[in-house]
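Chain residues, written in single-letter form:
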Amino acid sequence: MNGLEEQQWQALRARLERARNALLSQLADDLDRDTDVRLPPPHEAEASPADNASQRTLNALVHETAAHTSKQLSMVRQALAKFDDLSYGLCENCGEEIGFSRLDARPEARLCILCQTRMEQRRR
Ligand SMILES: [Zn+2]
C-alpha cells in the first residue's frame, strides 16, 4: 500500500493532471515565442552587433524556459505513470510510503523525505 486514502489518491492525481495540462500549454507558449524570436529581423543586414547580441541572449532565455518547462512536464508525467502501476506514493529508493503531507506539498515527489535529504547531502 502507499499510505494514501482513495480520496487523497484521486485528489493528487487530479492535481497532477491539471499541472500536466498547464505545463503543456505553457510549453506550447514557450515554443511559440521560440519561433518568434528565431524570425530574422526585417532588415537583418542593418542590424547592429549589439542587436545581434541581445537577440542571442533572448534565444538562450527562451530555450532555458522551454527546457525548464519540459523537465517539469516529464516529472509530472512520470508521477502520473505511477498511478497506473499503483507505485505512486512509494519512495523510489527505499520503497517506504512518502506520506500524504509531503505529496500534498510536492505531488511529483519521487523519494521519501529521508532519502531526499540523504541525496541532497551527498550532492553537496
Ligand atoms: Zn526513501
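Since the structure is predicted, the reported quantities are computational estimates derived from the model, not experimental observations.

S.K.: Would you explain the pattern of salt bridges in this entry?
M.R.: It is possible for side chains bearing opposite charge to pair when their charged atoms get close. What the rule picks out here adds up to six salt bridges. The partner of Glu92 in a salt bridge is Lys82, and the shortest N-O contact between them spans 2.9 Å. Of this pair, Glu92 sits in the loop between helix H2 (49-84) and helix H3 (100-105) while Lys82 sits in helix H2, and the two are ten residues apart along the sequence. Assessed through its relative accessible area of 43%, Glu92 is described here as partly exposed. Judged by its relative accessible area of 9%, Lys82 is buried. Arg110 is paired through a salt bridge with Glu92; the nearest N and O atoms lie 3.0 Å apart. Of this pair, Arg110 sits in the loop between H3 and helix H4 (113-123) while Glu92 sits in the loop between H2 and H3, and the two are 18 residues apart along the sequence. Residue classification places Arg110 among the partly exposed positions, given a relative accessible area of 35%. Each of Arg13, Glu17 and Asp84 takes part in salt bridges that share partners, so that together they form one network.

S.K.: Honestly, the coordination of the zinc ion in this entry has me stumped. Any pointers?
M.R.: A four-donor tetrahedral metal ideally has 109.5 degree angles, and a six-donor octahedral metal ideally has angles of 90 or 180 degrees. The zinc ion binds to the protein through Cys91 (SG), Cys94 (SG), Cys112 (SG) and Cys115 (SG), with metal-donor distances spanning 2.2 to 2.3 Å. Angles of 106 to 115 degrees at the metal separate the four donor atoms of the zinc ion, which places the site in the tetrahedral class. Each donor residue of the zinc ion lies on the same chain, and together they follow the pattern C-x2-C-x17-C-x2-C.

S.K.: Is there a simple way to think about the environment of Cys94 in this case?
M.R.: Mapped onto the elements, Cys94 comes out in the loop between H2 and H3. Spatially, the C-alpha atoms of Cys94 and Leu114 are 9.4 Å apart, while their sequence positions differ by 20 residues. Beyond its immediate stretch of four places on either side in the chain, Cys94 contacts Cys112 and Cys115.

S.K.: I'm lost on the nonpolar core in this one. Help?
M.R.: Burial of nonpolar side chains together is a common tendency in soluble globular proteins. Residues Leu4, Leu12, Leu16, Phe83, Tyr88, Cys91 and Leu103 are the most contacted members of the largest nonpolar core, which totals 20 residues. Of all the secondary-structure elements, those providing two or more residues to this core are helix H1 (6-38) and H2. Residues in contact with Phe83, not counting those within four places in the same chain, are Trp9, Leu12, Arg13, Leu16 and Tyr88.

Parameters at a glance
The written sequence of each chain sets the order in which its residues are numbered from 1. The model is predicted, so local features are restricted to residues of pLDDT at least 70 and side-chain atom pairs to those at 80 or more, both for listing and for counting; the totals for chains, interfaces and linings are taken over all residues. Hydrogens and waters are ignored; side-chain quantities use all the structure's heavy atoms. Salt bridges are counted wherever a side-chain nitrogen of Lys or Arg sits within 4 Å of a carboxyl oxygen of Asp or Glu. Helix and strand labels come from DSSP, where a helix needs a run of H or I of at least four residues and a strand needs a run of E of at least two; each type is numbered from the N terminus. The classification of residues rests on relative accessible area computed with a 1.4 Å probe and restricted to protein chains. Under 20% of the type maximum is buried, over 50% is exposed, and intermediate values are partly exposed. Coordinating donors are taken to be N, O and S atoms lying within 2.8 Å of the metal, or within 3.2 Å when the metal is Na, K or Ca; because water is excluded from the atom set, some sites may appear incomplete. Under this scheme a four-donor centre is tetrahedral when all angles range from 85 to 135 degrees, a four-donor centre is square planar and a six-donor centre octahedral when opposite donors are above 155 degrees with the rest from 65 to 115, and any other centre is irregular. The contact criterion used throughout is that any non-hydrogen atoms of two residues lie within 4.5 Å. To qualify as a nonpolar core, a set must consist of buried Ala, Val, Leu, Ile, Met, Phe, Trp, Tyr and Cys residues joined through side-chain atoms within 4.5 Å.

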